[in-house]
Amino acid sequence: MRLKLGVNASNQGMVYSDIRIRVLPSNIYAVIEGGNRTLSSRSDLVLNATGSVDPDEEPYPFLYFWTCLSQPCFDDPEGILLQNSAIVIIPAAKLVAGRNLTFSLQLIKDPGR
């Protein structure tokens, strides 16, 4: 961005000065609906990040990278967590009763945010 500033100095004509301003994008915010919770052993686990926010409302889509930080997590030969999706559903049959799981979401919005 370039801004040109004109200053009238005592009727002696115009004096110009150039300044450069760099506008930085705002941070984006990953929001996982529901937060910490306990599920019934018969309930699917729904990870929902549709409430994530881009304050600048850039036209680029979000990229979602889900990770299970708990080891072992759950059997995932289908690549459920590899989906680039705001909503991931883990079927109840894949979850082990009594196990605590921790999930992480890395949210990216191109270009480079």
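Owing to the predicted nature of the structure, the values given are computational and were not obtained by experimental measurement. (Residues numbered from 1 in each chain as written. Predicted model: local features only at pLDDT ≥ 70, side-chain atom pairs only at ≥ 80, totals over all residues. Heavy atoms only, no water.)

**A closer look at the overall build of the protein chain**
For the protein chain, the count of helices and strands is zero helices and six strands. For the protein chain, the sequential pattern of α-helices and β-strands runs β-β-β-β-β-β. Going through the 113 residues of the protein chain one by one, you find that 24% of them count as buried. Here the contacts in the protein chain between residues at least 6 apart in sequence split such that 57% fall between residues at least 24 apart. Of the accessible surface of the protein chain, which amounts to about 8,300 Å², a share of 52% is contributed by carbon and sulfur atoms. (Helix = DSSP H or I, 4+ residues; strand = E, 2+ residues; numbered from the N terminus. Buried < 20%, exposed > 50% of the residue type's maximum accessible area, 1.4 Å probe, protein only. Contact = heavy atoms within 4.5 Å. Areas by Shrake-Rupley, 256 points an atom, 1.4 Å probe, with all protein chains shown as cover.)

**With respect to a nonpolar patch on the surface**
Judged by side-chain polarity, Ile19, Ile21 and Val23 come together as a nonpolar surface patch covering roughly 250 Å² of accessible area. Residue Ile19 is classed as partly exposed on the basis of its relative accessible area of 38%. (Patch = residues over 30% accessible without salt bridge, like charges linked within 9 Å, V, L, I, M, F, W, Y side chains within 5 Å. Salt bridge = Lys/Arg side-chain N within 4 Å of Asp/Glu carboxyl O.)

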